[in-house]
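# Descriptive structure summary
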Amino acid sequence: MRKSLTSRSYHEVPDHDRGRGSAYQRAGRVRLGEITAERLDARVLGTSRYAVTIDWQEAGAGLLRIDCDCPRFAEAAVCKHVWAVIVEIDEEGLSDLVPGESSLRLAPSTAFARCRTRMA
Ligand SMILES: [Zn+2]
């Protein structure tokens, strides 16, 4: 069995986001959507309904691509919704889909980076 996704990525997520994200996950606010060999989409019900993507194509090289359409993510490139989905991935036993064993750096998905560049 592989290392959990939470243990590989918690150091990249501030305490505040982890605390609230974990509470969201426990409250059943995460709905997993499409899951492929490379990524998954999820919805998290917060103040609004947010779309989260976790992409582990580059996880073997220590990089986890993340995305969320909430206002905090647009500023901080991390948020409680992303953490809620990471916890859900572990709880659902899906962390085995993510390659590698090392600590992961979290970075916005390339689609997000393109969007930000266009807006700048
Ligand atoms: Zn978010």
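Residues numbered from 1 in each chain as written. Predicted model: local features only at pLDDT ≥ 70, side-chain atom pairs only at ≥ 80, totals over all residues.

What the protein contains, in helices and strands, is five helices and five strands. For the protein, the α and β elements follow one another from N to C terminus as α-α-β-β-β-β-α-α-β-α. Across its three principal axes, the protein shows a C-alpha extent of roughly 40 × 30 × 25 Å. Here the protein holds 120 residues, and 33% of them are scored as buried. For the protein, the proportion of contacts with a sequence separation of at least 24, taken over those separated by at least 6, is 64%. (Helix = DSSP H or I, 4+ residues; strand = E, 2+ residues; numbered from the N terminus. Buried ≥ 20, exposed ≤ 12 C-beta atoms within 10 Å, placed from the backbone. Contact = placed C-beta atoms within 7 Å.)

The next thing to look at is the packing of helix α2 (residues 15-26) against helix α4 (residues 80-91). Packing of α2 against α4 brings their axes to within 7 Å, and their N-to-C directions diverge by 55 degrees. Classified by the interaxial angle, the pair formed by α2 and α4 is oblique. Judged by the sense of rotation from one axis to the other, the crossing of α2 with α4 is right-handed. Of the residues in α4, those in contact with Asp 17, Arg 18, Arg 20, Gly 21, Ser 22, Tyr 24 and Gln 25 of α2 are Lys 80, His 81, Trp 83, Ala 84, Val 87, Glu 88 and Glu 91. Taken together, the residues of the contact of α2 with α4 break down into four nonpolar, four polar and six charged. (Axes fitted to C-alpha atoms, helices over the stretch in contact; angles between N-to-C directions. Parallel < 35°, antiparallel > 145°, perpendicular 65-115°, else oblique. Left-handed = near helix turned anticlockwise from the far one by under 90°. Nonpolar A, V, L, I, M, F, W, Y, C, P; charged D, E, K, R; others polar.)

Core analysis: the biggest nonpolar cluster contains 28 residues, and Val 44, Val 52, Ile 54, Val 82, Val 85 and Ile 86 have the highest contact counts within it. For this core, the elements supplying multiple residues, two or more each, are β2 (39-45), β3 (49-55), β4 (63-68) and α4. Sorting elements by how many residues they give to this core places α4 first, with seven residues. Here Val 44 is in contact with Tyr 24, Arg 29, Val 30, Tyr 50, Val 52, His 81, Ala 84 and Val 85, once residues within four sequence places are set aside. (Core = buried A, V, L, I, M, F, W, Y, C linked by C-beta atoms within 7 Å.)

The next subject is the sheet that holds β3. Strands pair in a sheet through their backbones, by hydrogen bonds, and they do so in one of two ways: parallel or antiparallel. Spatial strand order, β1-β2-β3-β4-β5: five strands in an open sheet with mixed pairing. What marks the edges here is a single partner per strand, and that holds for β1 (30-35) and β5 (105-108). Neighbour to neighbour, the strand axes of the sheet diverge by 25 degrees on average, direction disregarded. When β3 meets β4, the two strands line up antiparallel, connected through four bridges. Residue Asp 55 lies in a different strand from β4, and its bridge partner there is Arg 65. Relative to the sheet, α4 contacts β1, β2, β3 and β4, its axis offset from that of β3 by approximately 60 degrees. (Pairing = 2+ DSSP bridges.)

With that settled, consider the pairing of β1. Where β1 meets β2, four bridges bridge the pair, whose relative direction is antiparallel. Each residue of the ladder has a partner; that of Arg 31, found in β2, is Arg 43. Hairpin connection between β1 and β2: a loop of three residues separates the two successive antiparallel strands.

Attention shifts here to α4. Counted at 1.5 Å a residue, the expected span for α4 with its twelve residues is 16 Å, and the 16 Å between its end C-alpha atoms agrees. Within α4, ten of the twelve residues are buried, which leaves the element mostly enclosed by the surrounding structure. For α4, the full list of buried residues reads Lys 80, His 81, Val 82, Trp 83, Ala 84, Val 85, Ile 86, Val 87, Glu 88 and Ile 89. Turning to α4, the residues buried within the fold contact α1 (5-9), α2, β1, β2, β3 and β4. (Expected span 1.5 Å × (residues − 1).)

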